[in-house]
Amino acid sequence: MVDRPTTRRTILTGGATAIAALGLAGCEKITNNPLARQVLDGVGGLNRKAQEAILGSEQLAPEYELSDVSTMFYANGSTDPDDERYKAMAAKGFDTYKLVVDGLVERPLELTMAELRAMPVRTQITRHDCVEGWSCIGQWTGTPLQGVLDRAGVKATARYVVFHCFDTMDDGDPSGPTPFYGSVDLLAARHPQTILAYDMGGKPLEVKYGAPLRLRVERQLGYKMTKYIKRIQLMEDFKDIGQGKGGYWEDSGYQWYAGI
Amino acid sequence: MSLAEAERDDPVVSNDDAVPKGKEQHLVTLVKRHSVVVRVTHWITVLCLTMLLMSGLQIFNARPQLDFGNKTDFDHPPVAIDSDKVDGKARGYVRIGEHRFDTTGVLGLSDFEGKPTERAFPSWATLPGEQDLGTGRAIHFVFAWLFVANGLVYLVWGFATRHFRRDFVPSRFQWRHIGGEILDHARLRFPKGEKARQYNAIQKITYFLVALVLLPLLVVAGWTMSPGLDAAFPFLLHIFGGRQTARSVHFFAAFGVVLFVLVHVALVLLSGLFNNMRSMISGWYDIGQERGTHG
């Protein structure tokens, strides 16, 4: 489970182990050393705890002016899902699309795009920071995730919001393409700038940007901002999904907490 | 007066065992130069900077270009390390503004596991050696925490004990004689005897700039790349003028640290490797007194 509590002792022993592992094992083998891996993951937890301590639940990511918007917003990850059901929906302008909200909720939902658009609207011009180092500024319109969660009624045991997507990643896995998914905790999910975006620059999202619905979690890096959302599942933990690290990119080696 | 007596007269610890035969004119005069806090934090800093620089190059390789402001210019970044084909052969290059430098073999294109591979910084300079951004970032953060914790211990200690005031701020006398000192430094004439008891003005200014300006700037520019910390401290973006500028400052400051380390290590070698290493490990430094000037 990712949410391992980080105590001072884990940090201290972690630091010492990391130094020993890096110094002795020859830096190449670090990913294979379970102890070193634990240290590296532990520091991911430390980054998260530190930022949670510094960041209130309401502090907003900086917002920009319309004139700041990037002329060319870079699109990476999936840009054209292969899924047949998705392709058929896209061909009809997503009229048949329904967002499923289930898991640890009082009232499982199925919301059409029309219903989502009828919910409270928030428009924000924010900076998208990629883990690779680039930044773009875009204008996003959508409905705050908070409202959708309230409508479904989150059960007390729920801790994570898991996003299941239409796209798959072909990473050479012999068992076939890997379904894309991602997750955030309820703190990030309930943040006022966390929206299920359906418009970009005042127009419906293009396919390459995640049509018909994508996540914006503005206080984290771009790889948390799941595109092509088909289902939102409230869960106590995500260890049984994918490789259990909370998302496709996390399973591929990125830290679950992406605030830094 | 015998050699041994002369040494006993000396107010600081001397060790005649260390005087090589036939070199009687040189008296070993050991002074306690570095406190334990300076020594321990120095070596932790060496470890951290090594790991941070190598994992930092791994991270940089994921997007080997530098920008200014808040947005990336994908078409024509101000600084880029890249590769392309020239007459059918792959070449690595660095482009700064309109100037292009062929850097094949090192930057832009270098051998990885025996094959010419497109990568900004070569495998031997990055941690880990293969392209692995997730692991590079994880390592970077382990040593970033250690670096900051260690740096805070040093900063608090340095201000509390007036170490910075005493050792990083040239005296009025030193300012007045800085011209001669620069000349001596350029001729690699290092101070001996009483003059070597404290840092010279160039050392003081350099350590001031590195420990109190460059390294803190590097840390704060690093924080400014974090979308979470930008929400908590929006003024960071105003200080630097955008996340991409902060990224460039972070990179150039790291480059500045590398330049400092190269000069620092060269001067350590030229001014006496053994003496310098002893002083940074045990604290004791031989100020190399000339016989006859003392005792």
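Residues numbered from 1 in each chain as written. Chains lettered and ligands numbered in written order. Predicted model: local features only at pLDDT ≥ 70, side-chain atom pairs only at ≥ 80, totals over all residues. Heavy atoms only, no water.

Engineer: Can you help me understand the interface of chain A and chain B in this one?
Structural biologist: Bring the parts together and some accessible area is lost; that lost area is often taken as the interface size. Taken together, the 49 residues of chain A in the interface contact 37 residues of chain B. Of the roughly 3500 Å² buried at the junction of chain A and chain B (both faces included), carbon and sulfur atoms supply 65%. In this assembly, chain A and chain B are joined by 2 salt bridges. In this structure, Asp230(B) engages Arg127(A) in a salt bridge whose closest nitrogen and oxygen atoms are separated by 2.7 Å. (Contact = heavy atoms within 4.5 Å. Buried area = accessible area lost by both parts, 1.4 Å probe. Salt bridge = Lys/Arg side-chain N within 4 Å of Asp/Glu carboxyl O.)

Engineer: Explain the side chain of Ser78(A) to me, please; I cannot follow it from the model alone.
Structural biologist: All names here are of chain A. Relative to the helices and strands, Ser-78 resides in the loop between helix H2 (34–54) and helix H3 (84–91). Engagement of the side chain of Ser-78 in a polar contact is seen with the side chain of Asp-167, the distance being 2.6 Å. Those residues in contact with Ser-78 that lie beyond four places of it in its chain are Asp-167, Thr-168, Met-169, Lys-208, Lys-227 and Tyr-228. (Helix = DSSP H or I, 4+ residues; strand = E, 2+ residues; numbered from the N terminus. Polar contact = N/O pair within 3.5 Å; in protein donor to acceptor, adjacent residues only side chain to side chain.)

Engineer: Looking at this structure, I do not really get the environment of Thr157(A). What am I missing?
Structural biologist: Residue and element names in this part refer to chain A. Relative to the helices and strands, Thr-157 resides in the loop between helix H5 (145–152) and strand S5 (160–169). Given the relative accessible area of 42%, Thr-157 is considered partly exposed. Sequence separation between Thr-157 and Leu-104 is 53 residues; the distance between their C-alpha atoms is 7.3 Å. Dropping the residues within four chain positions of it, Thr-157 is found in contact with Leu-104 and Glu-236. (Buried < 20%, exposed > 50% of the residue type's maximum accessible area, 1.4 Å probe, protein only.)

Engineer: Please explain unusual backbone geometry as it appears in this structure.
Structural biologist: One can expect most non-glycine residues to show negative phi and most peptide bonds to be in trans. The residue after Ala211(A), namely Pro212(A), is reached through a cis peptide bond having omega 0°. Its place among the elements puts Pro212(A) in the loop between strand S8 (203–204) and strand S9 (214–216). At the junction of Leu127(B) and Pro128(B), the peptide bond is cis and its omega measures out at -10° in the coordinates. Within the fold, Pro128(B) resides in the loop between strand S8 (115–119) and helix H3 (133–160). A positive phi angle is found at Asp87(B), which is not glycine, with a value near 50°. With respect to the secondary-structure elements, Asp87(B) resides in the loop between strand S4 (79–86) and strand S5 (89–96). Asp87(B) gets classed as exposed once you look at its relative accessible area, which sits at 78%. Its identity as a non-glycine residue notwithstanding, Glu113(B) has a phi of 50°, on the positive side.

Engineer: Got a minute to help me understand the sheet that holds S4(B) in this structure?
Structural biologist: Pairing between sheet strands relies on hydrogen bonds along the backbone, with the strands arranged either parallel or antiparallel. Residue and element names in this part refer to chain B. Spatial strand order, S3-S4-S5-S6: 4 strands in an open sheet with antiparallel pairing. The open sheet has two free edges, formed respectively by strand S3 (65–66) and strand S6 (99–102), since each of these has just one partner strand. One ladder, built from 8 bridges, connects S4 with S5; its direction is antiparallel. Opposite Val-79, over in S5, you have Ile-96 as the bridge partner. (Pairing = 2+ DSSP bridges.)

Engineer: How should I be thinking about the sheet that holds strand S1 (residues 98–103) of chain A in this particular structure?
Structural biologist: All names here are of chain A. Read from one edge of the open sheet, 5 strands run S2-S1-S10-S5-S6, paired in mixed fashion. Edge positions in the open sheet fall to strand S2 (109–112) and strand S6 (178–185), since each of these has one partner strand only. Sheet twist, expressed as the average angle between the axes of neighbouring strands with direction ignored, equals 20°. On top of the sheet, H5 reaches S1, S2, S5 and strand S10 (229–235); it is set at about 135° to S2, its chief contact. (Axes fitted to C-alpha atoms, helices over the stretch in contact; angles between N-to-C directions.)

Engineer: Even after reading the chapter, I still don't get H2(A), so can you show me in this structure?
Structural biologist: With 21 residues, H2(A) should cover 30 Å at 1.5 Å per step; its first-to-last C-alpha distance of 30 Å lies within 8% of that length. Along H2(A), the residues classified as buried are Ala36(A), Val39(A), Leu40(A), Val43(A), Gly44(A), Gly45(A), Leu46(A), Asn47(A), Arg48(A) and Gln51(A). (Expected span 1.5 Å × (residues − 1).)

Engineer: How do you make sense of the packing of aromatic side chains when you look at a structure like this?
Structural biologist: The relative placement of two aromatic rings is captured by the distance of their centres and the angle of their planes. One pass over the full model with this rule turns up 28 aromatic pairs over all chains. On the numbers, 5.5 Å between centres and 85° between planes, the contact of Tyr86(A) with Tyr228(A) is edge-to-face. Residue Tyr86(A) is located in helix H3, and its partner Tyr228(A) is located in the loop between S9 and S10; the two are separated by 142 residues in the primary sequence. The buried category is assigned to Tyr86(A), whose relative accessible area is 1%. With centroids separated by 5.6 Å and ring planes inclined at 70°, the aromatic side chains of Phe60(B) and Phe121(B) adopt a geometry described as edge-to-face. One end of the pair, Phe60(B), is in helix H2 (residues 36–61); the other, Phe121(B), is in the loop between S8 and H3, and 61 residues separate them in sequence. Here Phe60(B) and Phe121(B) have matching classes, each one buried. What links up through ring pairs into an aromatic cluster is the set Tyr154(B), Phe159(B), Phe164(B), Phe168(B), Tyr199(B), Tyr207(B) and Phe260(B). Across from the ring centre of Tyr285(B), 3.8 Å away, lies the NZ or CZ of Arg33(B), which sits over that ring. Its guanidinium or amino end placed over the ring of Tyr74(A), Arg63(B) lies 5.4 Å from that ring's centre, counting from NZ or CZ. (Phe/Tyr/Trp six-rings, centres within 6.5 Å; stacked < 30°, edge-to-face > 60°. Lys NZ or Arg CZ within 6 Å of the ring centre and 35° of its normal.)

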